[in-house]
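The primary structure of each chain is shown beneath.
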Amino acid sequence: MSKPALNEDGFVSLNVRTSVLQKMLNGEILHMTDIHCTCARSKRKLQKLLLQAVTENSER
């Protein structure tokens, strides 16, 4: 059985509560448990982006 190709369209599927979205838009501190990915691909992408952001912020 062949493996389906990953769609690299630049989108990450997330589920967030309205209150969490409001915090995101206001630039407030969030806890990772507030954000839920809808698929494994999105979860991996989000983890990579978060690690990248932490690395970039620690270099400043």
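The coordinates are above.
This section reports on the structure supplied with the text. Because the structure is predicted, anything quoted here is derived from the model rather than measured.

Here is what the cut-offs are and how they apply
- Residues numbered from 1 in each chain as written.
- Predicted model: local features only at pLDDT ≥ 70, side-chain atom pairs only at ≥ 80, totals over all residues.
- Heavy atoms only, no water.
- Patch = residues over 30% accessible without salt bridge, like charges linked within 9 Å, V, L, I, M, F, W, Y side chains within 5 Å.
- Areas by Shrake-Rupley, 256 points an atom, 1.4 Å probe, with all protein chains shown as cover.
- Salt bridge = Lys/Arg side-chain N within 4 Å of Asp/Glu carboxyl O.
- Helix = DSSP H or I, 4+ residues; strand = E, 2+ residues; numbered from the N terminus.
- Polar contact = N/O pair within 3.5 Å; in protein donor to acceptor, adjacent residues only side chain to side chain.

### Remarks on a nonpolar patch on the surface
Side chains of Leu14, Val16, Leu21, Met24 and Leu25 sit close together on the surface and give an oily, nonpolar patch of about 420 Å² of accessible area. When residues of the nonpolar patch are traced back to their parent elements, those giving at least two are β1 (14-16) and α1 (18-26). Element by element, the count of residues in the nonpolar patch is highest for α1, at 3 residues. Within the secondary structure, Val16 is located in strand β1.

### Comments concerning the environment of Arg41
Of note, Arg41 is situated in helix α2 (residues 40-58). Taking the C-alpha atoms as reference points, Arg41 and Val12, separated by 29 residues in sequence, lie 8.1 Å from one another. Separated by 3.5 Å, the side chain of Arg41 and the backbone oxygen of Phe11 make a polar contact.

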